[in-house]
Amino acid sequence: MIESQRHSYHLVDPSPWPISGSLGALATTVGGVMYMHPFQGGARLLSLGLIFLLYTMFVWWRDVLRESTLEGHHTKVVQLGPRYGSILFIVSEVMFFFAFFWASSHSSLAPAVEIGGIWPPKGIGVLDPWEIPFLNTPILPSSGAAVTWAHHAILAGKEKRAVYALVATVLLALVFTGFQGMEYYQAPFTISDSIYGSTFFLATGFHGFHVIIGTLFLIICGIRQYLGHLTKEHHVGFEAAAWYWHFVDVVWLFLFVSIYWWGGI
Amino acid sequence: MATAIVRSALSRAAKTSVAPKRRFSSSAGHDDAYEAAKWEKITYLGIASCTALAAYVLSKGHQHGEDPPAYPYLHIRNKEFPWGPDGLFEVKHNEGH
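Residues numbered from 1 in each chain as written. Chains lettered and ligands numbered in written order. Predicted model: local features only at pLDDT ≥ 70, side-chain atom pairs only at ≥ 80, totals over all residues. Heavy atoms only, no water.

Chemist: Please set out the layout of surface pockets residue by residue, giving values where relevant.
Modeler: Residues and elements named next belong to chain A. Counted as a void, the largest pocket has a volume near 2000 Å³. Considering the residues around the largest pocket, the lining is formed by 47 residues, among which Met 57, Trp 61, Leu 65, Phe 217 and Ile 220 are closest to the centre. At the level of secondary structure, the elements contributing two or more residues to the lining of the largest pocket comprise helix 2 (42–70), helix 3 (76–109), helix 6 (194–226) and helix 7 (236–261). Among the elements that line the lining of the largest pocket, the one with the most residues is helix 2, at 13 residues. Taken together, the residues that form the lining of the largest pocket break down as 30 nonpolar, twelve polar and five charged. When residues of the lining of the largest pocket are assigned to domains, at least three map to each of domain 1 (1–72) and domain 2 (75–262). (1 Å grid on protein atoms, 1.4 Å probe; cavity = no way out; pocket = protein on both sides within 12 Å on 5 of 7 lines; lining within 4 Å. Points joined across faces, edges and corners; volume = space filled by probe spheres on them. Helix = DSSP H or I, 4+ residues; strand = E, 2+ residues; numbered from the N terminus. Nonpolar A, V, L, I, M, F, W, Y, C, P; charged D, E, K, R; others polar. Domains from an automatic or database assignment.)

Written out as structure tokens, the structure is:
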């Protein structure tokens, strides 16, 4: 903390990342639309936009980590910002998934005559919920237990144990994603097979995508714990990752019960 | 009012991580060491049960159904994908094209 500063707020330096992120998002959106319609150069603009976005994410978060660890700008008051931000972000994610559950329930509670008036639609061979999905159900909560272990290890100042706990968390996450990938590969229906395929793959696919994001977030936390960035008093990044991970875990439980199990009966 | 409640709850949460209020032992952080050991055991228990369940589920094997008749709501194609006529993860219908 700078000696002359008489308040605990972080006055940020000018940064190029907001505008570069915006340009990346614009290129990604326009490139994505061009790619999905027969425009020339769509794939190129889309890749350029994604590279721009990923680069911006990397350098922006790198800057935030430098501000918090090396420059010590993240006082107790400043930490409230990312806490509020993480909570609001997760609330917005709840609404995002709510829409997919709504779509699935809307289509399954009163199946339209166009799909034979039954759910699952006639001709759809659903995945058995008591095979891979049931196996995946204890894997995610076990991973949640491991992240809680990591949290208490950080609070107790057991730095090495915390790294081990995060390794266990990430390994369980990877096993989950592996099983999901296997199941996707073997699935007898696709996203273009009726409203069942569409709602199924939209909901489970976005969940899988979020599991991958959460896994990357936890890997970053593990690396930061290994490097000694996280202390007993200050580990907001880890807490955000843990909240996010529990959220992804809870979404899976709802997916299992309502889409795999109830939706497959 | 609501924001004040959330704010005070958040700042309480922030403060408790500095100095845990529940301190039953003279050594600081004993509580967390205990909790860490407990959750470590729960994790191992979880891994053991997942492994056992995996061995059971994967050894069972599963049946493959037959291909359904070509109902109009299956294999929907309104336009070609950017990469061609076939989807990425499905039985190829247009292999020769």
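Chemist: How would you sum up the UniProt feature "domain: Heme-copper oxidase subunit III family profile" (unreviewed entry) in chain A? Please name residues and give values.
Modeler: Residues annotated by UniProt as "domain: Heme-copper oxidase subunit III family profile" (unreviewed entry) correspond here to residues 5–264 of chain A. Within the segment residues 5–264 of chain A, helix and strand shares are 75% and 0% respectively, and the terminal C-alpha atoms sit 61 Å apart. (UniProt positions renumbered as here; feature names shortened; annotations may be inferred.)

Chemist: Let's hear about the confidence of the model for chain B: which residues, and what values?
Modeler: Residues shown with low pLDDT carry predicted positions that ought not to be read at fine detail. Considering every residue of chain B, the mean pLDDT works out to 75; 58% of them sit at 70 or more. For this predicted complex, the interface confidence score (ipTM) comes to 0.86, while the overall pTM stands at 0.86. (pLDDT = per-residue confidence, 0-100.)

Chemist: Can you break down the interface of chain A and chain B residue by residue, with the values?
Modeler: Across the boundary between the two partners, chain A contributes 41 residues, which contact 40 residues of chain B. Counting the surface lost from both chain A and chain B, the interface buries some 3500 Å², and carbon and sulfur atoms represent 68% of this. The tally of links from chain A across to chain B stands at one salt bridge. Put simply, Arg 161 of chain A and Glu 40 of chain B hold a salt bridge, and the shortest N to O gap is 2.2 Å. Counting across the interface, chain A meets chain B through nine residue pairs in polar contact (both at pLDDT 80 or more). Of all the secondary-structure elements, those providing two or more residues to the side of chain A that touches chain B are helix 1 (17–36), helix 3, helix 4 (132–155) and helix 5 (159–186) of chain A. At 13 residues, the largest contribution of residues to the side of chain A that touches chain B is made by helix 4 of chain A. Considered class by class, the residues forming the side of chain A that touches chain B number 23 nonpolar, eight polar and ten charged. (Contact = heavy atoms within 4.5 Å. Buried area = accessible area lost by both parts, 1.4 Å probe. Salt bridge = Lys/Arg side-chain N within 4 Å of Asp/Glu carboxyl O. Polar contact = N/O pair within 3.5 Å; in protein donor to acceptor, adjacent residues only side chain to side chain.)

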